[in-house]
Amino acid sequence: MSRERKILELKEKTEQARLGGGPEAIEKQHQKGKLTARERINLLLDPYSFEEIDMFRVSNADAFGLQDKQIYGDGIITGYGTIHGRLVYVYSFDFTVYGGSLSKVVAEKIVKIQAMAAKVGAPIIGINDSGGARIQEGVDSLAGYTSIFLNNVLYSGVIPQISAVVGPAAGGAVYSPALTDFIFMVRNTSFMFLTGPKIVKAVTHEDVSSDELGGADVHSTKSGISHFTYDSEKELFEGIRKLVCFLPQNNLEEPPSVECHDPVDRLDAELNYIVPDEPHKPYDMKAILLKILDNGDFFEIQEYFAPNIIIGFGYLNGHVIGLVANQPKYLAGVIDGNASIKAARFVRFCDAFNIPIVTFEDVPGFMPGTQQEFTGIIRHGAKMLYAYAEATVPKITVITRKAYGGAFCVMNSKHLRGDVLYAWPSAEIAVMGPEGASEIIFAKEIKAAEDPEAKLQEKISEYREKFANPYVAASKGFVDEVIEPKLTRYKLIKAIEMLHNKRDENPPKKHGNIPL
Ligand code: HXC
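Residues numbered from 1 in each chain as written. Predicted model: local features only at pLDDT ≥ 70, side-chain atom pairs only at ≥ 80, totals over all residues. Heavy atoms only, no water.

Turning our eyes to something else, we now look at the site of the ligand. What surrounds the ligand is a group of 17 residues, the closest being Lys32, Gly99, Gly131, Ala133 and Gly172. Within the side chain of Lys32, an N or O atom sits 2.9 Å from an oxygen atom of the ligand. In the environment of the ligand, a nitrogen atom lies 2.8 Å from a nitrogen or oxygen atom belonging to the backbone of Gly131. Burial of the ligand by the surrounding chains reaches 52%, relative to a free accessible area of 1000 Å². The element contributing the most residues to the shell around the ligand is helix 5 (residues 139-154), with three residues. Of the residues belonging to the shell around the ligand, the class tally is eight nonpolar, seven polar and two charged. (Near = heavy atom within 4 Å. Polar contact = N/O pair within 3.5 Å; in protein donor to acceptor, adjacent residues only side chain to side chain. Areas by Shrake-Rupley, 256 points an atom, 1.4 Å probe, with all protein chains shown as cover. Helix = DSSP H or I, 4+ residues; strand = E, 2+ residues; numbered from the N terminus. Nonpolar A, V, L, I, M, F, W, Y, C, P; charged D, E, K, R; others polar.)

Shown next, in the form of C-alpha cells:
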C-alpha cells in the first residue's frame with residue numbers, strides 16, 4: 001500500500017470512529033434532547049485542546065452477535081485536554097454504541113485514563129450516559145466496573161474527580177459517579193438509579209417514573225447525591241469549567257489564586273445592620289457571604305439539599321476558600337442529619353485539596369426530635385465534628401449570632417484546632433439558648449413566683465445579658481477577636497494570608513474511622 005493510501009486509510013478509519021454508532025443513532029440521541037459524547041467533550045474543554053487515546057480499540061467479545069458489530073472506540077471516548085489552559089483527563093460514554101453500556105474494553109479504557117490522571121496529577125471528568133453493564137458481556141462487565149471503582153477509591157483525595165450524568169446511569173453505572181467528588185446532572189434527561197421503574201414495580205409494587213425515581217431534581221433535593229443541577233447540557237459543562245477553576249490539580253498543589261481587583265479594605269457598612277436585633281428573626285446568610293467575597297462571587301454547591309447549611313467556593317483577595325455557613329433563613333440554621341453530612345463531606349474535600357475553610361456561624365443547635373434521633377443525628381453530627389477536627393488546612397470562623405451548645409463545639413471551635421475565631425458584637429455564645437437555660441436553672445424560683453411567666457421573662461433577660469454575648473468566650477480566649485461586622489472582609493483576608501504557610505498534622509495511622 002502506498003504512503004498516500006495509508007494516510008487515506010487512517011483518515012477513513014478516524015472518520016468512521018468519530019461517527020460512533022452511526023448517523024441514525026446520532027440523530028436518535030439528538031431527538032432525545034441529548035448531545036453526543038464528542039459534542040460534550042467539545043463543550044467541556046478549551047477549543048481544539050482534546051487529544052484522544054485508544055480511538056481504535058474494539059471489543060473481541062463474541063456472544064449474542066457482538067462479533068458482527070464491532071465499533072471503533074467501543075462506546076467510550078477517552079483522552080485529555082485543557083480547561084482554561086489547565087490539564088484535565090476526560091472520558092465520555094457514547095450512548096450511540098450499545099446504549100453506552102460498559103464492556104470489558106470500555107472499562108479498560110477508563111481504567112487507563114484514570115491511572116494516567118493519577119500519575120500526572122490532574123483532575124478527571126467522567127461524562128456518563130450509559131445503560132449499565134453490557135449485558136452480552138456478562139461478568140467481564142462486572143469485573144470492569146469493579147476496576148473502575150477501585151481506582152475511584154484509590155485516587156480519592158489524590159486528584160479531583162468529577163462526574164457529569166447526562167443520560168441514564170443505571171445499575172453499575174451509578175457507583176463510579178457516587179465515588180467521585182462532585183456530580184452534575186441536567187433536568188429531564190439525567191437519571192440515576194440502581195434499579196429502574198420496572199424492577200421497582202415488580203419488587204415493591206410502587207408506580208414511579210424514571211424522573212420521580214432518579215431525576216436531577218430528586219437527587220439535588222432529596223437524596224443529596226448530586227451537587228449541581230442545570231436545565232441544559234451547555235450550562236452543565238460551563239458549570240464544570242467554573243468548578244475546576246477553584247481546584248488544585250492534585251493533593252500536592254495549592255488551589256490556583258487569581259488576580260483580585262476588589263479592594264482588600266472594602267468596607268460594607270450594611271454588614272453592621274444585617275443581623276436583626278430580635279434574636280429569633282431570620283436573615284439571609286448568603287447576603288453576608290456575597291458582601292464579603294471578592295466581587296460578590298459565590299459558587300454554591302448543593303444549593304437545594306439541606307439549605308439550612310450553605311457550602312461553596314469563593315475568593316478572598318484572589319485566594320480560593322471553601323465556605324461553610326449556617327443559614328438562619330431555613331429551619332433557623334439548625335443542624336440536622338443532612339446538613340451534617342453535607343458540611344462534613346465538603347470540609348473533607350477542602351482538607352484533602354489544601355483549600356482553607358471559612359465558617360460562618362449562626363446556629364441554635366442540633367435539631368431535636370424523634371425523627372432526627374431515630375435516623376441517627378448523633379452519628380451524622382459526629383461526621384461533621386470528625387471532619388472539622390481532622391482538617392489541617394487553615395480554618396477560620398466568624399460567629400455572626402448564635403453559637404449554642406454542641407453546635408458551637410462542632411462548627412470549627414478553637415478546641416477543634418480552629419486557627420482564628422472572630423465574633424460579631426451580636427454573637428451569643430453559651431451552653432444553651434436563654435429560654436431553655438432559664439427554664440432549667442431557675443425552675444424553682446419561677447415556680448415559686450407570684451407571676452411565673454413574668455419571672456421567666458426576667459430570668460431570660462438576665463441570662464441573655466450575662467451569657468448571650470461574645471465577651472465571656474473572648475475573655476477565655478475561645479474567641480480571638482470581637483470585630484465590627486463591616487471589617488469582616490479585611491479581617492478574613494489578613495487571617496487567610498497570615499495562615500498561608502500553616503503546617504499541622506495528625507498522628508500517623510492507616511486511616512481514621514469516621515462514623516459513617
Ligand atoms: C447492552 C444495551 C444496554 C445494556 C441499552 N442497550 N442498555 N446493550 N447492554 N446494558 C442498547 C439497547 O439494546 C439499544 O440497542 C440501545 O442500547 C439503546 O437503548 P434503548 O433502550 O433503545 O434506549 P432508551 O429508550 O433511551 O433507554 C435507555 C435505558 C434502557 C433506560 C438505559 O436501555 C435500559 O433500561 N437499559 C438496561 C438498563 C439496565 O438494567 N442496566 C443494568 C445492567 S446490570 P439497539 O441496538 O436497539 O439500538 C448492571 C449491574 C452492574 O449494570 C453492577 C455493578 C456493581
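Take His280: it is sitting in the loop between helix 10 (233-245) and helix 11 (285-292). Not counting residues up to four positions away in its chain, the partners in contact with His280 are Arg401, Lys402 and Glu435. A polar atom in the side chain of His280 sits 3.1 Å from the side chain of Glu435. (Contact = heavy atoms within 4.5 Å.)

Let us now look at the packing of helix 16 (residues 434-441) against helix 18 (residues 452-467). Where helix 16 meets helix 18, the closest approach of the two axes is 9 Å, and the angle between their N-to-C directions is 115°. In this structure, helix 16 crosses over helix 18, and the sense of that crossing is right-handed. Taken together, the residues of helix 18 that come into contact with helix 16 (itself represented by Pro434, Glu435, Ala437, Ser438, Glu439 and Ile441) are Leu456, Lys459, Ile460, Tyr463 and Arg464. Its residues assigned to classes, the contact of helix 16 with helix 18 shows six nonpolar, one polar and four charged. (Axes fitted to C-alpha atoms, helices over the stretch in contact; angles between N-to-C directions. Left-handed = near helix turned anticlockwise from the far one by under 90°.)

Before going further, it helps to spend a moment on the nonpolar core. In this structure, Ile240, Phe313 and Val324 are the most contacted members of the largest nonpolar core, which totals 56 residues. In terms of residue count, the dominant contributor to this core is helix 12 (residues 337-352) (seven residues). Counting residues in each nonpolar core, the second largest holds 28 residues, with Met285, Phe298, Leu316 and Val420 among its members. (Core = buried A, V, L, I, M, F, W, Y, C linked by side-chain atoms within 4.5 Å. Buried < 20%, exposed > 50% of the residue type's maximum accessible area, 1.4 Å probe, protein only.)

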